[in-house]
Amino acid sequence: MANKEAKLQRAAGKPRKSAVFIEIGNDWIKLVQVDAGSGGVVLSKVRLEPIDADIAIFETISRALKAGKFSSSAVFACLPRQAVNLRLLELPSTDAAEIADMVELQIGRQTPYSRDEILSDYKPLGLTRQGTYTRIMLAIVQRSIVRERFYEIEQAGLGVEHMGVSSEGVLSWFLHRTRSEPQDKDVAVIDVDSFYSQVLVLHRGEVVFTKSILVGAKQLLESREESSEKFMQEVKRAFESCRGDLRDGEIESITLSGAGVHIEGLANELGTALEMPCEEADCLADVSLGKGAGDLGDSRYATASLTALIGMALDSASMEFNFVPDVVRMRKTLLSTAFSSTALASLF
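Calculation criteria
Residues numbered from 1 in each chain as written. Predicted model: local features only at pLDDT ≥ 70, side-chain atom pairs only at ≥ 80, totals over all residues. Heavy atoms only, no water. pLDDT = per-residue confidence, 0-100. Contact = heavy atoms within 4.5 Å. Buried < 20%, exposed > 50% of the residue type's maximum accessible area, 1.4 Å probe, protein only. Helix = DSSP H or I, 4+ residues; strand = E, 2+ residues; numbered from the N terminus. Pairing = 2+ DSSP bridges. Salt bridge = Lys/Arg side-chain N within 4 Å of Asp/Glu carboxyl O. Expected span 1.5 Å × (residues − 1). Arc of directions from axis to C-beta. Polar contact = N/O pair within 3.5 Å; in protein donor to acceptor, adjacent residues only side chain to side chain. Core = buried A, V, L, I, M, F, W, Y, C linked by side-chain atoms within 4.5 Å. Axes fitted to C-alpha atoms, helices over the stretch in contact; angles between N-to-C directions.

## Thoughts on the confidence of the model for the protein chain
Then comes step 1: Mean pLDDT for the protein chain: 86, with 87% of residues reaching 70 or above.
Then comes step 2: Below pLDDT 50 for its whole length, residues 1–15 participates in 36 contacts with residues either more than four positions away or in separate chains.

Okay, structure coming up:
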């Protein structure tokens, strides 16, 4: 885990001059390159490549990098929400060291896997109960998943600087979009991707609930009536599950993002089923599109969500979850030590 004392204070970051963001999902490999301009973030390059079972993932990434002429500067990877176990906990302490110890005790209770099979990280979300408890978001992922992602990306010739979780990116995008609005309401964000959707519920700008729903754009487009009914039921269950976390409040509105904005009538169906306003919000409206972005309105890409990657690009410094396999961490340490030794020898 990273330094948890530093994590008790949220970082307010700015996008780098140039960075590449990548997400390997169930059926898409998503690659975007962003440049920071005077007018904000510019989406300079985009490639969405379908995953082919007969072609190695690193080969598909390599082909996409070459075709899109991506740079190989800072690289941020993103784990899909359904691959990560997220838990929101309230811990009876405000001391960083005590919180770290309490998290260690909680990890074994939140997953059926042994400690050798998982990687974990957490981020503080603020104080509760008259300032005596700290709310945290705990993320747990299988080591094998992280190692596989690192291997595929590094085999393609990229060095991963950071590997976060898509939920953080979606949250970053939403907070950026609503930064000029008062954060005094209970709201929900539903981001629809190809094979799954994720629900985030916010109380006064802070996440109090998150859930992955195994209904995505492909199901909603291929079997609309059946999948829509299941989708609405899953969202209702999610909202009912988080009532206690809203502290007697009620969700007042829904923001539908990702591939959901391309599914005609879905926002209206959600609003009717949940009896509350539901608006569509396209993450691409928050960035400028460069010539290399291509035609993102192409129907082939209608089932893919770029919300998480855009959110990470808008504020990469606020991405606090970072999963790095032990072997990668050790390799970086050895390289750093070797470099320092060489520099010292040269100095002598």
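## Considering unusual backbone geometry
Note: most peptide bonds trans; most residues except glycine with negative phi.
Then comes step 1: The phi dihedral of Lys 69 is positive, around 55 degrees, even though this residue is not glycine.
Then comes step 2: For Lys 69, a relative accessible area of 66% puts it in the exposed group.
Then comes step 3: Its identity is not glycine, yet Glu 275 carries a phi of approximately 55 degrees, on the positive side.
Then comes step 4: Looking at the secondary structure, you find Glu 275 in the loop between helix 8 (266–274) and strand 13 (278–280).

## As for the pairing of strand 4 (residues 74–79)
Then comes step 1: The element strand 4 is largely enclosed, with a buried count of six among its six residues.
Then comes step 2: Neither face of strand 4 is open: one carries Ala 74, Phe 76 and Cys 78, the other Val 75, Ala 77 and Leu 79, and all of them are buried.
Then comes step 3: Note: strand 1 (residues 18–24) against strand 4, five bridges, orientation parallel. Bridge pairing in strand 4 links Ala 19 to Ala 74.
Then comes step 4: Strand direction decides the pairing type here: strand 4 and strand 8 (residues 162–165), joined by four bridges, are parallel. Residue pairing for strand 8: Phe 76 is matched across the bridge by His 162.

## A look at the pattern of salt bridges
Then comes step 1: Scanning the entire structure with this criterion turns up 12 salt bridges.
Then comes step 2: Taking the shortest distance from any N to any O, the salt bridge between Arg 63 and Glu 49 comes out at 3.8 Å. One end of the pair, Arg 63, is in helix 2 (residues 57–68); the other, Glu 49, is in strand 3 (residues 40–50), and 14 residues separate them in sequence.
Then comes step 3: Its relative accessible area of 9% is what places Glu 49 among the buried residues.
Then comes step 4: Across the pair Glu 279 and Arg 177 runs a salt bridge, and its minimum N-O distance is 3.4 Å. Here Glu 279, found in strand 13, pairs with Arg 177, found in helix 5 (residues 166–177); they are 102 residues apart in sequence, far enough to count as distant.
Then comes step 5: The exposure class assigned to Glu 279 is partly exposed, which follows from its relative accessible area of 38%.

## Remarks on helix 3 (residues 96–107)
Then comes step 1: Taking 1.5 Å per residue as the helical rise, helix 3 with its 12 residues ought to reach 16 Å, and the 17 Å between its terminal C-alpha atoms agrees with that figure.
Then comes step 2: Listed in full, the buried residues belonging to helix 3 are Ala 96, Ile 99, Val 103, Gln 106 and Ile 107. Across the axial projection of helix 3, the buried residues extend over an arc of 95 degrees, all falling on one side. Of the exposed residues in helix 3, the ones pointing more than 90 degrees away from its buried face are Asp 101 and Leu 105.
Then comes step 3: Here helix 3 starts with a cap whose side-chain oxygen sits 3.2 Å from the backbone nitrogen of Ala 97, and that cap is Asp 95.

## Details of helix 8
Each full turn of the α-helix corresponds to 3.6 residues, which orients residues three or four apart in the same direction.
Then comes step 1: When we look at burial in helix 8, the residues that qualify are Leu 266, Ala 267, Leu 270, Gly 271 and Leu 274. All buried residues of helix 8 project into a common sector of 135 degrees when viewed along the axis, lining one side. Along helix 8, exposed side chains directed more than 90 degrees from the buried face belong to Asn 268 and Thr 272.
Then comes step 2: Looking at the buried residues of helix 8, the elements they touch are strand 9 (186–192), helix 6 (217–222), helix 7 (224–241), strand 12 (253–258) and strand 13.
Then comes step 3: Just downstream of helix 8 lies Glu 275, where phi reads positive at about 55 degrees.

## Quick look at the nonpolar core
Then comes step 1: One finds Phe 21, Leu 43, Ile 61, Ile 153, Leu 306 and Phe 323 to be the most contacted residues of the largest nonpolar core, which totals 69 residues.
Then comes step 2: Setting aside chain neighbours within four positions, we find Ile 61 in contact with Ile 22, Ile 24, Ile 29, Leu 31, Glu 152, Ile 153 and Ala 156.
Then comes step 3: Grouped together as the second largest cluster of nonpolar side chains are 29 residues, Val 192, Phe 209, Ile 254 and Ala 259 included.

## A closer look at the sheet that holds strand 10 (residues 197–203)
Then comes step 1: Reading across the sheet, the five strands line up as 11-10-9-12-13 and stay open at both edges, with mixed pairing between neighbours. The open sheet is flanked by strand 11 (206–213) and strand 13, the only strands paired with a single partner. Averaged over all adjacent pairs, the angle separating strand axes in this sheet is 20 degrees, with direction ignored.
Then comes step 2: Sheet topology note: the strand 12/strand 13 ladder contains three bridges and is parallel. Along strand 13, the bridge assignment pairs Leu 256 with Glu 280.

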